[in-house]
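# Overview (structure and organization)
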Amino acid sequence: GESVGLHLPTLSVQEGDNSIINCAYSNSASDYFIWYKQESGKGPQFIIDIRSNMDKRQGQRVTVLLNKTVKHLSLQIAATQPGDSAVYFCAENMRGSARQLTFGSGTQLTVLP
Amino acid sequence: GAVVSQHPSRVICKSGTSVKIECRSLDFQATTMFWYRQFPKQSLMLMATSNEGSKATYEQGVEKDKFLINHASLTLSTLTVTSAHPEDSSFYICSAKGQGTDTQYFGPGTRLTVL
């Protein structure tokens, strides 16, 4: 079946560097994508979202890029801080679907001092 | 805004007992709530979708008689794990979304341990 997956299970970056977390999706009908951050023992926290009519969206220190041609999503974190260490999930859903988000497997981001 | 709470945050129970977990949207009306479970080092697995005032829709493989879901109001959904067994031990997370929106906001999760 179609699913959302992540390229890398783990990512380590130096504090202050930029981080890039990638996600591949395969459902061409998906038109809404969300990035969540999950710290250990906590629920996922909304970071940023993007709809399929956009290629890029920026938030505070975060940018999401969407490439519909290759069905690729990325999350860029600028000036990564220790508090950014967490598991990051991308999720997708289809317009009008009461349903659900389909989650990727997650990427563990570790920020090194 | 968009705060979702869960209670309890942790629960330990004996095998065979039932456990109820509450999920509340604190500052918005949640027309749809979702229940997930998550095992260590794994992603979130959707268990069921519930709409206020109607029966929940369960994902394939999820026993509706074991995981009872009630969505009695626009701010409250409950998940009851009936006759819990050790294999039900997991992290249960709810999410909620309002009418006309696609964004799901998640609760902090409930750690269930069945002895």
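Here's what I pulled together on the structure shown here. Here the structure is a predicted model, which is why all the values come from computation and not from measurement. (Residues numbered from 1 in each chain as written. Chains lettered and ligands numbered in written order. Predicted model: local features only at pLDDT ≥ 70, side-chain atom pairs only at ≥ 80, totals over all residues. Heavy atoms only, no water.)

## Describing the state of the cysteines
Selection rule: Disulfides are defined as pairs of cysteine sulfur atoms found within 2.5 Å of each other. In this text, helices come from DSSP runs of H or I with a minimum length of four residues, and strands from runs of E with a minimum of two, each type numbered from the N-terminal end. Buried means the residue's accessible area, taken with a 1.4 Å probe over protein chains only, is under 20% of the maximum for its type, while exposed means over 50%, and partly exposed covers the values in between.
If you walk through the whole model with that rule in mind, you get two disulfides over all chains. Here Cys23 of chain A is linked by a disulfide to Cys90 of chain A, with a sulfur-sulfur distance of 1.8 Å. Residues Cys23 of chain A and Cys90 of chain A are joined by a disulfide whose S-S torsion is about 55°; by sign, that bridge is right-handed. A residue pair is termed long-range when its members are at least 10 positions apart, and Cys23 of chain A in strand β3 (residues 19–25) and Cys90 of chain A in strand β9 (residues 86–94) qualify at 67 residues. Accessibility classification places Cys23 of chain A together with Cys90 of chain A in one group, the buried group. Two residues share a disulfide in this structure: Cys23 of chain B and Cys94 of chain B, whose sulfurs sit 2.0 Å from each other. Judged by the sign of its S-S torsion, about 80°, the bond between Cys23 of chain B and Cys94 of chain B is right-handed. Here Cys94 of chain B lies in strand β9 (residues 90–97) and Cys23 of chain B lies in strand β3 (residues 19–25), a separation of 71 residues in the sequence. Summarising the burial analysis for this pair, Cys23 of chain B and Cys94 of chain B share the class buried. Its sulfur unpaired, Cys13 of chain B is 18 Å from the next cysteine sulfur, which belongs to Cys94 of chain B.

## Considering the nonpolar core
The line we're drawing: Nonpolar cores were defined as sets of buried Ala, Val, Leu, Ile, Met, Phe, Trp, Tyr and Cys residues, with membership established by side-chain atoms within 4.5 Å. Here, two residues are considered to be in contact whenever any of their heavy atoms come within 4.5 Å of each other.
Trp35, Leu79, Tyr92 and Leu112 of chain B are the most contacted members of the largest nonpolar core, which has 23 residues in total. Secondary structure elements with two or more residues in this core: β2 (10–13), β3, β4 (32–38), β5 (45–51), β7 (67–73), β8 (76–81), β9 and β11 (110–114) of chain B. For Leu112 of chain B, the residues in contact, after removing those within four places along its chain, are Val11, Cys13, Val19, Val81, Asp88, Ser89, Ser90 and Tyr92 of chain B. Membership of the second largest hydrophobic core comes to 20 residues, among which are Val13, Phe33, Ile48 and Cys90 of chain A.

## Considering the interface of chain A and chain B
Definition in use: The term buried area refers to how much accessible surface (probe radius 1.4 Å) is lost by two components on association, counted for both of them together. We define a salt bridge as a contact between a side-chain nitrogen of Lys or Arg and a carboxyl oxygen of Asp or Glu at a distance within 4 Å. Any pair of nitrogen or oxygen atoms within 3.5 Å is treated as a polar contact; in protein, a donor-acceptor pairing is required on top of that, and neighbouring residues in sequence qualify only through side-chain atoms on both sides.
Each partner contributes to the interface: chain A provides 20 residues, whereas chain B provides 20 residues. Carbon and sulfur atoms make up 52% of the area that chain A and chain B hide from each other, which totals about 1500 Å². Here chain A is connected to chain B by one salt bridge. Of the charged contacts in the structure, one is a salt bridge between Arg51 of chain A and Asp102 of chain B, with a shortest N-O distance of 2.9 Å. The tally of links from chain A across to chain B stands at six residue pairs in polar contact (both at pLDDT 80 or more).

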